[in-house]
Amino acid sequence: MLCWGGDIKQNDAFQVANAFKITKLPFIGLLCLTVNSTPTGTGVVQSTPTMSLVLKIQGIPLKSDSNSVNVDKVINKMHKAYQKYNPTLVSLIADRNEREAATNIRRRQDEAYERSLALDRARAQQRERERREREEAERREQDKKQWLKWRKSQLFPEPAQDRKGEYARIAIRLPDGKRITRRFEKSCTIEEIYAFIECNYLNDVEDVQEDQIQRPFDYAHNYNFNLVQIMPKAVLECYSSILVKDCNLTWPNGNLVVEFI
């Protein structure tokens, strides 16, 4: 309950007095929400709650020389008005609380639904990403296999031993400890040595004819190992433009170790 009082000489109180058509002072009034009930063929229809002045007590002196003012009379009228209109107010408050509770329930349900929907979308997007990644990985794996077959078909044949001065003899130790020695044309590139190791020892690549397989489009092969000279320590960089005869790690002889990156 909110109590408010004012002096008629003040602007706010003067406006309130005019609004409620107050003609005698002092004045006490009771404001509360009220509804109008209208019987219809389908039942009683209630109007929208409005703020109403349900009790007006005007011109009753609060003090007198004869002490004849019955304060209890004012309190009794207020109490009767309160008892009359409070059930409606309690009902309106209960209806409002029920609506707010229902609204909160719907809001929580909507939020839970949106969270579930967002989670489903995120899972669907994750599955789609994983599917694309699997497809991309499978495609790259197929491209790698095709590239290895193509690259093996492009390897230079080992030069004949009697062509001294035309090849480099290179000893290579593999990751499993096996040691191989092979001759490489002096005019081939360093990448040729990498491709030879990759296709013949690190991957089981079948032999195919050059015209039986094409180089895969838009695929760049990355070697996952280095060829290293142990003493002194040096890495044979896989630059395709460097020739065997131009590298002191391979010409005229080389001794290399395969080290995975």
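Before reading further, recall that the structure is shown in the block above.
**Student:** How should I be thinking about the pattern of salt bridges in this particular structure?
**Tutor:** Under the defined criterion, the tally for this structure stands at 13 salt bridges. Of the charged contacts in the structure, one is a salt bridge between R107 and E111, with a shortest N-O distance of 3.2 Å. Taken as a pair, R107 and E111 lie in helix α2 (residues 71-153) at a separation of four residues, close to a single helical turn. Overall, R107 belongs to the partly exposed group, its relative accessible area being 38%. For K245, the salt bridge goes to D246, with nearest N and O atoms at 3.4 Å. One network of salt bridges, with partners in common, ties together E128, R131, R132 and E135.

**Student:** How should I be thinking about helix α3 (residues 190-202) in this particular structure?
**Tutor:** Residue pairs three or four apart in sequence face the same way in an α-helix, which turns once every 3.6 residues. Compared with the 18 Å implied by 1.5 Å per residue over 13 residues, the 17 Å span of α3 between its first and last C-alpha is a close match. Burial within α3 is extensive, with 10 of its 13 residues counted as buried. Every buried residue of α3 is listed here: I190, E191, E192, I193, Y194, A195, F196, I197, E198 and C199. On its buried side, α3 packs onto α2, β5 (167-173), β6 (179-185), β7 (225-229), β8 (234-236) and β9 (253-260).

**Student:** Would you mind showing me how to read the side chain of E191 here?
**Tutor:** Inspection of the secondary structure assignment puts E191 in helix α3. Classification of E191 by relative accessible area gives buried; the value is 13%.

**Student:** Would you mind showing me how to read the sheet that holds β8 here?
**Tutor:** In any sheet, the strands associate via hydrogen bonds between backbone groups, in a parallel or an antiparallel arrangement. Read from one edge to the other, the open sheet built from five strands follows the order β6-β5-β9-β7-β8, with strand pairing classed as mixed. Each end of this open sheet is capped by a strand with a single partner; those strands are β6 and β8. On average, adjacent strands in this sheet sit at an angle of 35° to one another, irrespective of strand direction.

**Student:** I keep staring at the packing of aromatic side chains and nothing clicks. Help me out?
**Tutor:** Two aromatic rings are characterised by how far apart their centres lie and by the angle between their planes. All told, the structure shown has eight aromatic pairs when counted by the stated rule. Ring centres 6.4 Å apart and planes at 55° place the aromatic pair W147 and Y219 in the tilted group. Taken together, the residues W147 in helix α2 and Y219 in the loop between α3 and β7 connect sequence positions 72 residues apart. The same class applies to W147 and to Y219, which are both buried. Here the aromatic cluster, defined as three or more aromatic residues joined through ring pairs, consists of W147, W150, Y194, Y219, Y223 and F225. Positioned above the aromatic ring of F196, the side-chain terminus of R182 is 4.4 Å from the ring centre.

**Student:** Which parts of the structure should I look at to understand the side chain of E198?
**Tutor:** Among the secondary structure elements, E198 is positioned in helix α3. At a separation of 2.9 Å, a polar atom in the side chain of E198 contacts the side chain of N203. Residues within four places of E198 in sequence aside, it is in contact with L148, N203, H221, Y223, N224 and F225.

Rules of the game
Residues numbered from 1 in each chain as written. Predicted model: local features only at pLDDT ≥ 70, side-chain atom pairs only at ≥ 80, totals over all residues. Heavy atoms only, no water. Salt bridge = Lys/Arg side-chain N within 4 Å of Asp/Glu carboxyl O. Helix = DSSP H or I, 4+ residues; strand = E, 2+ residues; numbered from the N terminus. Buried < 20%, exposed > 50% of the residue type's maximum accessible area, 1.4 Å probe, protein only. Expected span 1.5 Å × (residues − 1). Contact = heavy atoms within 4.5 Å. Pairing = 2+ DSSP bridges. Axes fitted to C-alpha atoms, helices over the stretch in contact; angles between N-to-C directions. Phe/Tyr/Trp six-rings, centres within 6.5 Å; stacked < 30°, edge-to-face > 60°. Lys NZ or Arg CZ within 6 Å of the ring centre and 35° of its normal. Polar contact = N/O pair within 3.5 Å; in protein donor to acceptor, adjacent residues only side chain to side chain.

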